[in-house]
Amino acid sequence: MKKALICGINGKMGENLVSLLNGDCEMCAVCGVDLHAKSGLTPIYASFNDVKEDIDVIIDFSSPAVLNGELEYAVKHNCPVVLATTGYSESDLKLIEEAAKKVAVFKTGNFSLGINLLVKLVNKAAQTLGESFDIEIIEKHHNKKVDAPSGTALMLADGANAAYGGGKPYLKGRDGITGKRGKEIGIHAVRGGTIVGEHEVMFAGEDEIITLSHSARSKRVFAAGAIRAAKWLCGKGAGLYDMDDVLENTI
């Protein structure tokens, strides 16, 4: 039985992870780290420095605020880590890359099988349609999400941009007199209510529009994907992995 530490265990995604792992025959949650530590069925610590349990993998659905301590712990204990958090800064991303030289690190903007398929479909559409179609991405999330655009929207933008050699700039929202549209990929964020996650990629050409979209109806789909990734990551050597590595024989 693999033992997981859940970072952000008191949040909604942490609750989903614990619920799913309670019925899992391969992995269990033995403890958690949360900046807002409170009592629970498993030990919960305010810092990685306080963790006493031996663990096999970290699953993180928290915030970039814990990243330094988390990566230090992972490297020190040679413990693989699944990063399911978004909103990382450029300096955060550099820390992740450095840690991945010493320990297995899994990072992706979205753990849904459907979203990862959508990224591939968007890339294929961009290759096929070429420069004659404008690309706009609209993402919608609940009113408590703190970062914008979503990591998934950026994944989709990167998927499309790869068809053009990564040469298209990203324009995150428009305001005022911006002039006519250029060759950018537009990304727009909507926040409201309890929307779990909706993403739409629009290819707008002359006299026709093609739309590819995904709608998540429950956060459990992301928790299930993170657990799948954590099981896969256990035993892997140092490196930076993503869902393409897990799903290379699936999609």
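In this text the structure is predicted, and so the values were computed from the model without any measurement.

> Lay out the sheet that holds strand 6 (residues 104-107) in plain terms, naming residues and giving numbers.
A sheet is described by the order of its strands in space; here 7 strands give the open sequence 3-2-1-4-5-6-12, paired in parallel fashion. Of all strands in the sheet, those bounded by a partner on one side alone are strand 3 (44-45) and strand 12 (239-241). Where strand 6 lies against strand 12, 3 bridges are found, and the strand directions are parallel. For Val105, the partnering residue across the bridge sits in strand 12 and is Leu240. In the packing of helix 2 (residues 67-76) onto the sheet, the strands contacted are strand 1 (2-7), strand 4 (57-60) and strand 5 (81-83), and the crossing angle to strand 5 comes to about 155 degrees. The sheet contacts of helix 6 (residues 220-233) involve strand 2 (27-33), strand 4, strand 5, strand 6 and strand 12, and relative to strand 5 the element is tilted by about 150 degrees.

> Help me get a handle on the sheet that holds strand 9 (residues 185-191), residues and values and all.
Read across the sheet, 5 strands follow the order 8-9-7-10-11 without closing on themselves; strand pairing throughout is mixed. The open sheet has two edge strands with one neighbour each: strand 8 (170-172) and strand 11 (208-216). Going from strand to strand, the sheet's axes swing by 15 degrees on average, the running direction of each strand aside. Pairing analysis gives 9 bridges linking strand 10 (residues 197-205) to strand 11, with the strands arranged antiparallel. Each bridged residue has a counterpart across the sheet, and for Val201 the counterpart in strand 11 is Leu212.

> Provide a residue-level description of unusual backbone geometry, including the pertinent values.
With an omega of -5 degrees, the peptide bond running from Ala148 to Pro149 counts as cis. Inspection of the secondary structure assignment puts Pro149 in the loop between strand 7 (134-141) and helix 5 (151-161). The phi dihedral of Asn78 is positive, around 50 degrees, even though this residue is not glycine. By the secondary structure assignment, Asn78 is in the loop between helix 2 and strand 5.

Rules of the game
Residues numbered from 1 in each chain as written. Predicted model: local features only at pLDDT ≥ 70, side-chain atom pairs only at ≥ 80, totals over all residues. Heavy atoms only, no water. Pairing = 2+ DSSP bridges. Helix = DSSP H or I, 4+ residues; strand = E, 2+ residues; numbered from the N terminus. Contact = heavy atoms within 4.5 Å. Axes fitted to C-alpha atoms, helices over the stretch in contact; angles between N-to-C directions.

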